[in-house]
Amino acid sequence: MPITSVKPRVDARRSTGVDQLDVVLTGGVVPGSATLLGGEPGIGKSTLLLQTAGAMGSSGRSVLYVAAEESIEQVHERAERLGALSESVLITAANDVDTVASEMRRIGPDVVIVDSIQTITDQSNTGAAGSVTQVRDCANRLVREARRTGAALMLVGHVTKEGSLAGPRVLEHVVDTVLTFEGDRHHALRFLRAVKHRFGSTRSLGVFEMTGDGLVGVADPSRLFLADRVPGVAGSVVVPIIDGNRPMMVELQALVVKSSLASPRRVAQGFDSRRLALILAVLERHAGVLLGDHDVYVSVVGGVKVTEPGADLAVAIAIVSSSMGIGVPAEIVACGEVGLGGEIRQVSEIDRRLNEASRIGFESVVVPAKSPQVPEGLKVLRAATVLETLERTKLIDSDPFR
Ligand code: TYD
Ligand code: MG
């Protein structure tokens, strides 16, 4: 038939009752679909889905929770603590795929949560529990059952530290949506992203804080990231980044100290160490900042990972600020990509970044020379090169004869 005659299906998305999860799922779960939630052990996958079960249950959805990994008593206790108890949530300790499938058919729940797919087994399969064939076969079976019964299936999949996805990788083709739950276990922040999503954009980011009462959505991450900042300290610069479609202000710190090592340390935390090397080379060649006998540490505060080049300029400024022992004025933010010629290149969506900066109360911005109009009320320094930035922010002396 002509593609134009296809009747659009009514969007039957169901809210999960967890705001930040809905954001990433672009509205909620779709009946008959399958979602995989991957992440390292201990990051909070069970907590997130138990809270989801509770929220959906209390809004009248029927939920089947398959506790294949923990005992039902343990899950009950945690649900009680999280305030996620609901009559509409049915729990089973079954870890045999046939039993789970037949329960799905018998009960016909709106949502089925399986924690985790690695502990579900198929009796007729000779592979060990958690092996690739077991995981793939069981997942296929449950996905088929979800399609047939119209249940929204949510599977937990563990990912090991080394990023080897024993299981989840082979599942990516089987499911409609793959979510990853990340964060530094020593920090409370957790980031939820979609790496595959058949029903919407994968650009949304969910931000949570792990608290004593479970996961709490963070609607305003910028304020949280900047909460502990000591403004005006040498080596500290704030940069507006865009992560998963969401503008956020993060603090970058640099520390430059005299080294006693033959090959001085370059340590980057939350930032690409190759980009750090590149920025140091540009500083040396194009701004005369020689740090060959200094250790250089760069860190992004709060366990955040900055992967975009838009943070380059802020890193450069932070390094020089630290090495000179001169603080950058607290109300300044900087963004721009640093090129090998020492030039500052444009970054995407500068207007959204600067609006966020202005919302948080920053007054001055350093941006690439050719940036479009900046929001009203912000003082702007348009710089074409790293050298110009450093001179005009008085971090290094300008030499009229250079
Ligand atoms: P969990 O959801 O069990 O992780 P996963 O299923 O991904 O392995 O959560 C693990 C950690 O979260 C655990 O170490 C304790 C912490 N946590 C809290 O800080 N607050 C809470 O309310 C809960 C339930 C867990
Ligand atoms: Mg778990």
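Residues numbered from 1 in each chain as written. Chains lettered and ligands numbered in written order. Predicted model: local features only at pLDDT ≥ 70, side-chain atom pairs only at ≥ 80, totals over all residues. Heavy atoms only, no water.

1. Digging into the side chain of Glu308
Put simply, the rule is: Secondary structure counts use DSSP, requiring at least four H or I residues in a row for a helix and at least two E residues in a row for a strand, with both numbered from the N terminus. By the convention used here, residues are in contact when the closest approach between their heavy atoms is within 4.5 Å.
By secondary structure assignment, the location of Glu308 is in the loop between strand S13 (294-300) and helix H9 (312-324). Other than its neighbours up to four places away in sequence, Glu308 contacts Ile241, Ile242 and Arg353.

2. Topic: H9
What counts, and what does not: The span one expects for a helix is its residue count, reduced by one, times 1.5 Å. Relative accessibility decides the category of a residue: with a 1.4 Å probe and only protein chains considered, values under 20% of the type maximum give buried, values over 50% give exposed, and everything between is partly exposed.
Here H9 is 13 residues long and its end C-alpha atoms lie 18 Å apart, about the 18 Å a rise of 1.5 Å per residue gives. Counting buried positions along H9 yields 11 of 13 residues, so the element is predominantly enclosed. Within the sequence span of H9, burial applies to Asp312, Leu313, Ala314, Val315, Ala316, Ile317, Ala318, Ile319, Val320, Ser321 and Ser322. Residue Gly325 follows H9 closely and has a positive phi angle near 70 degrees.

3. Let's talk about the side chain of Ser46
Here is the rule: Side-chain atoms alone can form a polar contact between residues adjacent in sequence; in general such a contact is a pair of N or O atoms within 3.5 Å, and within protein one must be able to donate a hydrogen while the other accepts it.
With respect to the secondary-structure elements, Ser46 resides in helix H2 (residues 45-58). A distance of 2.6 Å separates polar atoms of two side chains, one belonging to Ser46 and the other to Asp115. Dropping the residues within four chain positions of it, Ser46 is found in contact with Tyr65, Glu70, Arg78 and Asp115.

4. Notes on the pattern of salt bridges
Counted only if it meets this: We define a salt bridge as a contact between a side-chain nitrogen of Lys or Arg and a carboxyl oxygen of Asp or Glu at a distance within 4 Å.
The tally for this structure, following the rule as stated, stands at 22 salt bridges. The closest approach of N and O atoms between Arg193 and Glu182, which form a salt bridge, is 3.3 Å. Of the two residues, Arg193 sits in strand S7 (residues 189-197) while Glu182 sits in strand S6 (residues 177-182), which places them 11 residues apart along the sequence. Between Arg193 and Asp243 there is a salt bridge, with the nearest N and O atoms lying 2.6 Å from each other.

5. Here we look at helix H10 (residues 350-360)
For clarity, the cut-off: Of all possible arcs, the one meant is that of the directions from the helix axis to the C-beta atoms.
Here H10 has its buried residues at Ile350, Arg353, Leu354, Glu356, Ala357 and Ile360. For H10, the arc enclosing every buried residue in end-on projection is 155 degrees, short of the 170-degree limit, so these residues lie on one face.

6. Section: the site of ligand 1
Convention followed: Here, proximity means that at least one heavy atom of the residue falls within 4 Å of the molecule or strand. Per-residue and other accessible areas follow the Shrake-Rupley method at a 1.4 Å probe size, with only the shown protein chains counted as cover for residues. Basically, the charged four are Asp, Glu, Lys and Arg, the nonpolar ten are Ala, Val, Leu, Ile, Met, Phe, Trp, Tyr, Cys and Pro, and anything else, Gly included, counts as polar.
Near ligand 1, the surroundings consist of 16 residues, among which Gly42, Lys45, Ser46, Thr47 and Thr211 are the closest. In the model, an oxygen atom of ligand 1 is placed 2.8 Å from a nitrogen or oxygen of the Lys45 main chain. Within the backbone of Gly212, an N or O atom sits 3.3 Å from an oxygen atom of ligand 1. Protein burial of ligand 1: of its 550 Å² of free accessible surface, 71% is covered by the chains. Of all elements in the fold, only H2, helix H3 (72-82) and strand S8 (205-211) reach the threshold of two or more residues within the shell around ligand 1. For the shell around ligand 1, the residue count by class is 4 nonpolar, 7 polar and 5 charged.

7. Side note on the nonpolar core
Note the cut-off: Buried Ala, Val, Leu, Ile, Met, Phe, Trp, Tyr and Cys residues that are joined via side-chain atoms within 4.5 Å together make up what is termed a nonpolar core. Domain start and end points were adopted from an automatic or database domain assignment.
One finds Leu283, Ile319 and Leu390 to be the most contacted residues of the largest nonpolar core, which totals 65 residues. When residues of this core are assigned to their parent elements, the largest contribution, 8 residues, is made by H9. Taken together, domain 1 (11-219) and domain 2 (224-392) each give at least three residues to this core, which thus spans both. Apart from residues lying up to four places away in sequence, Ile319 is in contact with Ala254, Val256, Leu276, Ile279, Leu280, Leu283, Leu291, Val296 and Val298. In terms of nonpolar packing, the next biggest core, distinct from the first, is built from 31 residues, Leu37, Ile43, Leu82 and Leu192 among them.

8. Here's the deal with the domain arrangement of the chain
The cut-off we apply is this: Two parts placed together each lose some accessible area under a 1.4 Å probe, and adding up what both lose gives the buried area.
Partitioning the chain into structural domains gives domain 1 (11-219) and domain 2 (224-392). Between domain 1 and domain 2, the C-alpha centre-to-centre distance is 38 Å. Contacts between the two partners involve 14 residues from domain 1 and, on the opposite side, 12 residues from domain 2. Surface buried jointly by domain 1 and domain 2 totals about 1,000 Å² across both partners, of which 53% is contributed by carbon and sulfur atoms. When the area that domain 1 buries against domain 2 is broken down by residue, the three leading residues are Leu189, Arg203 and Leu205, summing to 47%. For the pair domain 1 and domain 2, the number of links is 2 salt bridges. For the salt bridge of Arg203 with Glu349, the shortest nitrogen-to-oxygen distance reads 3.6 Å. Only S7 and S8 provide two or more residues apiece to the side of domain 1 that touches domain 2.

9. Some words on the pairing of strand S11 (residues 246-258)
As a reminder, the rule being used: Here, a strand pair is defined by DSSP locating no fewer than two bridges between the strands.
By the bridge criterion, 8 bridges tie strand S10 (residues 236-243) to S11 in an arrangement that is antiparallel. Directly across from Ser236, in S11, lies its bridge partner Gln253. Connecting S10 to the next strand, S11, in antiparallel fashion are 2 residues, including Gly244 with a positive phi near 50 degrees. Relative to S13, S11 runs antiparallel, the two being bridged by 7 bridges. From the neighbouring strand, Val256 faces S13, where its bridge partner is Val296.

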